[in-house]
Amino acid sequence: MEYNKLIGEMNPGEQVEGFYLLKGAFPKTTAAGKPFLNAVLADKSGSVEAKVWNYSGPIGAGDEGEVVKIRGEVSEYRGAAQIVIEKIRLAESGDPYRVEDLVPVAPIDVEGTMREVENRLHTIEDGDYRAICLQMLREHEQALRSIPAAKSVHHGFVSGLLMHTANMLRIADFLAELYADVIDRSLLLAGTFLHDFAKEKEFTFSPLGLATNYSVQGQLLGHLVMGAQEVAEAARQLGVPEEKSVLLQHMILSHHGDPEFGAAVVPICAESELLSEIDRIDSRMEIYRETLEGMEVGEVSGRIFALEKRIYRHS
């Protein structure tokens, strides 16, 4: 029996034991009236359905997002792998498992990327924009280094927001130099850094750090409005001129580009226009990256909702 075997490497007939993410838990009853648990287990390699027969708890729907230890046998049901679980319990403090083995994690050096982001913020020439960014970094550093950038569409993994933000800052810096006669680099970099940080309040998170749902604030306001509100308050505290505060708020409120895609207002200055395009580029390229990873050369994908089309993997 292989301990903590990756789900993506399991084969029918194998005995398995180890720690996995409880992605779904659905208590049910058989036709004969006996209780059982229909579950979905996951790790960094994928997910698999599981059954715990003659089981009425204590583990149930309220434990989704937790880590469980299971022992069971891999079988096959309707052409797909399935685990019939003999024993299951919630993980306990001190149990030997690693978060990075159970949930997808950004393929970056977190500490190095954090240093890169902070160093780039220090190059913002405008002192007001730089001060707001550094204050927001201090207040949201832990969230920036750990939370996903989305629930599922793109960068929906641990440290996804940091990866997304760092990528966008690199693009913004390059384009600010390319279009230096049009773009205020300080405004573009500040808006880029601040555009998504309110996602910390927009989502609720599982114990392992994945976005599981929208918070009440996230549903009623959204990260654009909450981000603009917090920037306005930071600007007031720091004595930043009103025009600069409003410009930064506009950058955040318009970065989705069009109200159809969630923008509160359309971008009407060069920097906000460019920010919306940079956000679109990085999010779409990440969708390509994640989709292509699971495709064979010469394969055409199914329709991808976020891209509104299929994609092709060439050699």
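In what follows, the structure referred to is the one given above.
Keep in mind that this is a model prediction, so the values were computed, not measured.

Caption draft 1: Fine view of the overall build of the protein chain. What the protein chain contains, in helices and strands, is 10 helices and eight strands. Summarising its shape, the C-alpha atoms of the protein chain cover approximately 70 × 45 × 35 Å along the three principal directions. Contacts in the protein chain between residues at least 24 apart in sequence constitute 55% of all its contacts with a sequence separation of at least 6. About 16,000 Å² of surface is accessible on the protein chain, with carbon and sulfur atoms providing 50% of the total.

Caption draft 2: Looking closely at the environment of Phe-19. Of note, Phe-19 is situated in strand 2 (residues 15–29). With 231 residues separating them in the primary sequence, Phe-19 and His-250 have C-alpha atoms 46 Å apart. Beyond its immediate stretch of four places on either side in the chain, Phe-19 contacts Tyr-3, Asn-4, Val-67, Val-68, Lys-69, Arg-89, Ala-91, Asp-95, Pro-96, Tyr-97 and Leu-102.

Caption draft 3: Region of interest: the side chain of His-140. Take His-140: it is sitting in helix 3 (residues 127–146). Within the local environment of His-140, its side chain forms a polar contact with the side chain of Glu-200, the two groups lying 2.6 Å apart.

Caption draft 4: Local environment of helix 10 (residues 270–293). With 24 residues, helix 10 ought to run about 34 Å at 1.5 Å a step, and its terminal C-alpha atoms sit 35 Å apart, in line with that. Listed as buried for helix 10 are Glu-271, Ser-272, Leu-274, Leu-275, Ser-276, Ile-278, Asp-279, Asp-282, Ser-283, Arg-284, Glu-286 and Ile-287. Packing partners of the buried residues in helix 10 comprise helix 4 (160–178), helix 5 (185–194) and helix 9 (242–253).

Caption draft 5: Representation of the side chain of Asp-63 in the model. Along the chain, Asp-63 falls in the loop between strand 4 (46–52) and strand 5 (67–77). Arg-89 provides the closest opposite charge to the buried, unpaired Asp-63, separated from it by 12 Å. If sequence neighbours within four positions are ignored, Asp-63 has contacts with Leu-22, Pro-58 and Leu-90.

Caption draft 6: Focus on helix 8 (residues 222–238). Relative to the 24 Å expected for 17 residues at 1.5 Å per residue, helix 8 spans 25 Å between its end C-alpha atoms, a close match to the ideal helical length. For helix 8, the set of buried residues is Gly-222, His-223, Leu-224, Met-226, Gly-227, Ala-228, Glu-230, Val-231, Ala-234 and Ala-235. Among the structural elements, helix 3, helix 5, helix 6 (199–202), helix 7 (216–220) and helix 9 are those in contact with the buried residues of helix 8. Gly-239 lies just past helix 8 and shows a positive phi near 70°.

Caption draft 7: Region of the structure containing the environment of Lys-44. By the element assignment, Lys-44 lies in the loop between strand 3 (35–43) and strand 4. Separated by 132 residues in sequence, Lys-44 and Ala-176 place their C-alpha atoms 37 Å apart.

Caption draft 8: Here's a closer look at unusual backbone geometry. For the bond running from Gly-57 to Pro-58, omega is 15°, close enough to zero to count as cis. Inspection of the secondary structure assignment puts Pro-58 in the loop between strand 4 and strand 5. Of note, Asn-4 is a non-glycine position whose phi angle comes to about 55°, a positive value. Here Asn-4 lies in the loop between strand 1 (2–3) and strand 2. The phi angle at Ser-159 is positive, at roughly 70°, despite the residue not being glycine.

Caption draft 9: Region of interest: the pairing of strand 3. Burial analysis of strand 3 places seven of its nine residues in the buried class, the great majority of the element. Pairing analysis gives eight bridges linking strand 2 to strand 3, with the strands arranged antiparallel. Its bridge partner being in strand 3, Gly-24 is matched across the sheet by Val-40. Taking the residues that link successive antiparallel strands as the turn, the strand 2-strand 3 hairpin has five residues, and the phi of Gly-33 there is positive, at about 90°. Connecting the antiparallel pair strand 3 and strand 4 is a turn made up of two residues.

Caption draft 10: Focus on the environment of Gly-262. Inspection of the secondary structure assignment puts Gly-262 in the loop between helix 9 and helix 10. Spatially, the C-alpha atom of Gly-262 lies 9.2 Å from that of Gly-222, the residues being 40 residues apart in sequence. Residue contacts for Gly-262: discarding those within four places in its chain leaves Leu-224 and His-256.

Caption draft 11: How the structure looks around a nonpolar patch on the surface. A contiguous nonpolar patch, built from Phe-174, Leu-178, Tyr-179 and Val-182 and spanning about 420 Å² of accessible area, is present on the exposed surface. Turning to its location among the elements, Tyr-179 is positioned in the loop between helix 4 and helix 5. Judged by its relative accessible area of 40%, Tyr-179 falls in the partly exposed class.

What counts as what
- Residues numbered from 1 in each chain as written.
- Predicted model: local features only at pLDDT ≥ 70, side-chain atom pairs only at ≥ 80, totals over all residues.
- Heavy atoms only, no water.
- Helix = DSSP H or I, 4+ residues; strand = E, 2+ residues; numbered from the N terminus.
- Contact = heavy atoms within 4.5 Å.
- Areas by Shrake-Rupley, 256 points an atom, 1.4 Å probe, with all protein chains shown as cover.
- Polar contact = N/O pair within 3.5 Å; in protein donor to acceptor, adjacent residues only side chain to side chain.
- Expected span 1.5 Å × (residues − 1).
- Buried < 20%, exposed > 50% of the residue type's maximum accessible area, 1.4 Å probe, protein only.
- Lys, Arg positive; Asp, Glu negative; His and termini not counted.
- Salt bridge = Lys/Arg side-chain N within 4 Å of Asp/Glu carboxyl O.
- Pairing = 2+ DSSP bridges.
- Patch = residues over 30% accessible without salt bridge, like charges linked within 9 Å, V, L, I, M, F, W, Y side chains within 5 Å.

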